[in-house]
Amino acid sequence: MILQTETPLPDVFANLLGLGGFGAVGEFVAALIAAFIVGNVMLAMTGVAGPWAKRKITAKFTDRIAANRIGPAGLGTIPADALRLLSKELIVPEGADRPAWDVAPLIVAGSAMLGFAVIPMGSGIQLADPEVGLAYVFAVASIASLGMVMAGYASNNKYSMLGALRAVAQNLAYEIPLVVTGISVVLFTGSLRMSEIVAAQQETLISVGGLAIPSWFAIVNPFAFVLFLAANVAEVGRNPFDIPEAPTEIVAGFQTEYSSVYFVLLYLGEFLHIFLGGAITAVLFLGGAAGPGPESIGFLWFVVKIWAFFLLTQWLRSAAPRLRIDQLIEVGWKGMLELSFLNLVLTALIVGVVV
Amino acid sequence: MSLQEGDEATPEIESGETELEALLDDLIVDTDDHMNAPAFVIRPDTVQETLGRLKNEAGYDHLSLVTAEEYPDRYESIYHLKKFDDPTDEVSVVVPTDSENPVSESAEPVFRTADWHEREAYDLVGIEYDDHPDLRRILLPETWQGHPMGLDYDQDRPQMVPLREHANPLQDDHRSDTDSDTMFVNIGPHHPATHGVLHLETTLDGEQVVDVEPDIGYLHRNEEQMAQNGTYRHQIMPYPDRWDYISAGLLNEWAYARAAEDLADIEVPEYAQIIRTMGAELCRIAAHMLAVGTFALDIYGDFTAIFMYAIRDREKAQNILEDLTGQRLMFNYFRLGGVVWDLPEPREEFFEKVRTFVDELPDALEEYHDLITSNEILQMRTVGTGVLPEEVAKNYGATGPVARGSGIDYDLRRDDPYGYYDELDWEVPVEDGCDNFSRLLVRMREVEESAKIIEQCVDLLEDWPEDERNIQANVPRTLRPEDDKEIYRTVEGAKGELGVYIRADGTEKPARFKIRSPCFSNLQTLPEMSNGEYIPDMIAALGSLDIVLGEVDR
């Protein structure tokens, strides 16, 4: 069973629209259309997640009702909130470092969008499938740290500065275990190409009473999966690792001074990063877009998986206390790093001996 | 030491008092008799000597309150001393200073808690304290003209201070110290974790707190003066609800009721005492629920499950209080000599409701223990952080759950019994961890004990004969306690020792009404707990103190 088409999405469009004959220009237009569609789907999901799903999920955890005034199940609150946020005054703090302050939200949101370029989303949706896909996605996802530092530094606010410093410290502490755990998957697949990582997980591991259990890496190596999830939650800065924002301590961290559209961008960026984190987890450990049913509904399974990760972050938000920054760094450098290398050695042994 | 050399011993002096007189022999100028304690008048330059002897040799280790007041011919500072081992053993030290040059020695070197109390006395009354480390205004802005509790203060004079003369708390951000290794941050007055309008002037070294100085007074209303303008019988009782407004209203009302009833010699009927006890404990549960919820909020960082669960359970207590008093927040349910009305009809329904609440409480608490106290991350965050050693806590006059979390076995409900507490079966929870976690545990265990008390009260009320349900004593329409009667009485509020000092002058209004706010003293310990710790630990320590700015600022 091969879920991934050989042709990336831009080529599909190029063929459909007959752009193949226009050379580089045609390729560019096709890529633009494809990227536009993928980007908008992702933004639409964050649009649902931010103003509505987040509230509803948290409300369920905490015995409340949440948004229910506009539209069915309060869904109408999404356009209303969008309008509200966009119509707010953009307040620029005195002494802000102007270009950096303006660019930072774009970088935070943009870096996550870039990551989706190489994610195979099933049903043939994948913008590009470079050989170094996994390295690329980790690389662009961590550009967000740069955006946070810029935001924090340029805001001319001490809380923002503290938040930025925390963001850097936290990302350093968690990026390495995250990547090293990701590498353990590469040991299995022997490739950094996303489509091959997904393909490697489609074989049947064992059959229990006619039910084929696929060799998803989450099932093959649950230890790595848990490790990766924890590092990923820290990477996207959610509870219990929402230390760069830490509302009760440093107000809102690096985003304290942002309002209006810039705030929306940062806010969207955060949700995009959660979804990107979910997408990476799905590709590396949960068989990408694999699931019961025909191949063509693969995208639906993919969406289910990334929303499951979103649900996990919201669950943690309702139930887990926040670590202190020094404790987090200790956990990162003294715990996760060792464990991730241990996992790497173990995986290498398994791959070397068993496979 | 020679015994009673220069002193005229009054006939009713107890033996303990004689010993004290012997101890302070050379310092006593005169004696006075407050209703709650013997009072010794001393010279303004012997304050440290006197308090030092009382603390170290006679064991009066708790400076409960410093009251300052102005008489037509003099100023007076009164130091109300107690023992943590036995709060009924009290003594007052009266320090008169002349009205032209009101300078008195500071008690701060002996009792750290005197720092803020004397600043307040300076701010509101105008007495100056020699040797005080930092004698500034504390509740009013620096630019305030005059001392509002002084006799010659003109109430109608507008405080016309141009904007440029106002100290802008945000301007002085110490940015000029270019070589400095530290950073100055204003936490508050508007900040998610300050639980109201509190301003913490914090100096940071990276993520660590070098120094923190609470700046209070944003919610100051001079409740003391408002009380002085009201008549004893009815007009003062609504104010206590507005001190600790976190649904601890009945506990506050009791502080005033206890002082005023003892002052006017009113005996409260037993039936009313049981209702008071039950209502007060319901308030305590409601207050502690909010304390636990907001503490979790400070640690968890979002409106999490625990906060909402705590609010949900608090709501049940609140509903019962609403049935009982007719109000949800500003109860105004106590009257001098009893309570305003009997339990709501039908009584069975009310008892059933209270019983259901009390019966469900252990399960609810179990849920909190699952969610909070047994959570490993929370333990990482709270065990061993915000440490307040026992001796430091005593020195700062910390009381209530803060003191009991530091291993001080001190609860006025048991040690200085009032109401119906001494007839009931319950315990005082004490933890000796001295950290944030201990204070959390104490509050949660106190909720259990309160539930026990309520249950027993309901049993008693249910079996009370119908024709003996006397809810109010016979109190004269107008109360005029005798001139120059002084009393200081304390009760165990939700946050600690809540006291009221009243001096009567023969009229129907008190001549001086002074509030001892537990939060005021407890908040003073914040620097001790957080200096050298990380910012999140300071926030946690602040949350564990469970302050209410309405009570800190009054």
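What counts as what
Residues numbered from 1 in each chain as written. Chains lettered and ligands numbered in written order. Predicted model: local features only at pLDDT ≥ 70, side-chain atom pairs only at ≥ 80, totals over all residues. Heavy atoms only, no water. Contact = heavy atoms within 4.5 Å. Buried area = accessible area lost by both parts, 1.4 Å probe. Salt bridge = Lys/Arg side-chain N within 4 Å of Asp/Glu carboxyl O. Helix = DSSP H or I, 4+ residues; strand = E, 2+ residues; numbered from the N terminus. Buried < 20%, exposed > 50% of the residue type's maximum accessible area, 1.4 Å probe, protein only. Pairing = 2+ DSSP bridges. Expected span 1.5 Å × (residues − 1). Phe/Tyr/Trp six-rings, centres within 6.5 Å; stacked < 30°, edge-to-face > 60°. Lys NZ or Arg CZ within 6 Å of the ring centre and 35° of its normal. pLDDT = per-residue confidence, 0-100. Axes fitted to C-alpha atoms, helices over the stretch in contact; angles between N-to-C directions. Domains from an automatic or database assignment. Nonpolar A, V, L, I, M, F, W, Y, C, P; charged D, E, K, R; others polar.

A. Representation of the interface of chain B and chain A in the model. Contacts between the two partners involve 37 residues from chain B and, on the opposite side, 29 residues from chain A. Carbon and sulfur atoms supply 57% of the area that chain B and chain A bury against each other, a total of about 2800 Å² over both sides. Where chain B meets chain A, there are three salt bridges. The residue B:Arg312 makes a salt bridge to A:Asp63 at a minimum N-O spacing of 2.8 Å. Of all the elements in the fold, those that place two or more residues in the side of chain B that touches chain A are strand E8 (183–187), helix H6 (270–300), helix H7 (305–325), helix H9 (376–382) and helix H16 (535–545) of chain B.

B. Up close: the pairing of strand E2 (residues 38–42) of chain B. Residues and elements named next belong to chain B. Among the five residues of E2, five are classified as buried, and the element is accordingly described as predominantly covered. Where burial is concerned, the two faces of E2 agree: the one with Pro38, Phe40 and Ile42 and the one with Ala39 and Val41 are both buried. In terms of strand pairing, strand E1 (residues 28–33) meets E2 through five bridges, oriented antiparallel. Of the residues in E2, the one forming a bridge with Thr31 is Phe40. With three bridges connecting them, E2 and strand E5 (residues 91–98) associate as parallel partners. Pairing of Val41 across the sheet is with Val94, part of E5.

C. Layout of the environment of A:Gly39. Position of A:Gly39 relative to the elements: it lies in helix H2 (residues 23–61). The spacing of A:Gly39 and A:Val351 is 312 residues in sequence and 37 Å in space, taken between C-alpha atoms.

D. Spatial organisation of H6(B). The terminal C-alpha atoms of H6(B), which comprises 31 residues, lie 44 Å apart, in line with the 45 Å expected from a rise of 1.5 Å per residue. Of all 31 residues making up H6(B), 30 are buried, and the element is well covered by its neighbours.

E. Expanded view of the packing of aromatic side chains. Per the stated rule, a full pass over the model turns up 27 aromatic pairs over all chains. On the numbers, 5.1 Å between centres and 70 degrees between planes, the contact of A:Tyr267 with A:Phe271 is edge-to-face. Pair noted here: A:Tyr267 and A:Phe271 are both in helix H12 (residues 260–285), with a separation of four residues, about one helical turn. Classification of A:Tyr267 as partly exposed rests on a relative accessible area of 22%. What makes A:Phe271 buried here is its relative accessible area of 2%. Ring geometry for B:Trp243 and B:Phe513: centres 6.3 Å apart, planes at 55 degrees, overall tilted. Placement of B:Trp243 in the loop between helix H4 (223–228) and helix H5 (249–263) and of B:Phe513 in strand E15 (residues 512–516) is noted, with a sequence separation of 270 residues between them. The two residues B:Trp243 and B:Phe513 agree in class, both being buried. Across the ring face of B:Phe334, the terminal group of B:Arg276 is positioned such that the distance to the ring centre comes to 4.7 Å.

F. Looking closely at the confidence of the model for chain B. All names here are of chain B. When pLDDT is averaged across chain B, the result is 85; 93% of the residues are at 70 or more. Model confidence for chain B, summarised as mean pLDDT per element, is weakest for helix H1 (residues 15–23) at 72 and strongest for E15 at 92. Here residues 1–14 is a poorly scored stretch, pLDDT under 50, and it has 13 contacts once near neighbours within four places are set aside; other chains count.

G. A look at the sheet that holds strand E10 (residues 208–215) of chain B. Strand order in the open sheet formed by three strands is E8-E9-E10 (chain B), and the pairing between neighbours is antiparallel. Strands at the two margins of the open sheet, each flanked by one partner only, are E8 and E10 of chain B. Within the sheet, the average angular offset between the axes of one strand and its neighbour, ignoring direction, is 20 degrees. The sheet contact formed by E8(B) and strand E9 (residues 199–205) of chain B spans five bridges and is antiparallel. Looking across to E9(B), one finds that B:Val185 is bridged to B:Thr202. Sheet contacts for helix H7 (residues 158–189) of chain A: E8 and E9 of chain B; angle to E8(B), the most-contacted strand, approximately 110 degrees. Along the sheet, H16(B) makes contact with E8, E9 and E10 of chain B, crossing E9(B) at roughly 155 degrees.

H. Layout of the domain arrangement of chain B. All names here are of chain B. Domain assignment breaks chain B into domain 1 (15–130) and domain 2 (223–335 + 344–553). For domain 1 and domain 2, the distance between their C-alpha centroids amounts to 27 Å. Interface area, domain 1 with domain 2, both sides summed: about 2800 Å², of which 54% is carbon and sulfur. For domain 1, the biggest contributors to the area lost against domain 2 are Met35, Phe84 and Trp116; these three give 26% of the whole. Connecting domain 1 to domain 2 are four salt bridges. Close ionic contact of Lys82 with Glu497 constitutes a salt bridge, the shortest N to O distance being 3.8 Å. For the side of domain 1 that touches domain 2, the leading source of residues is strand E3 (residues 62–70), giving nine residues. Classifying every residue of the side of domain 1 that touches domain 2 by side-chain character gives 14 nonpolar, nine polar and twelve charged.

I. Highlighting the pairing of E5(B). Residue and element names in this part refer to chain B. Among the eight residues in E5, six count as buried, and that is most of the element. Alignment of strand E4 (residues 74–82) against E5, held across eight bridges, turns out to be antiparallel. For Tyr75, the partnering residue across the bridge sits in E5 and is Thr97.

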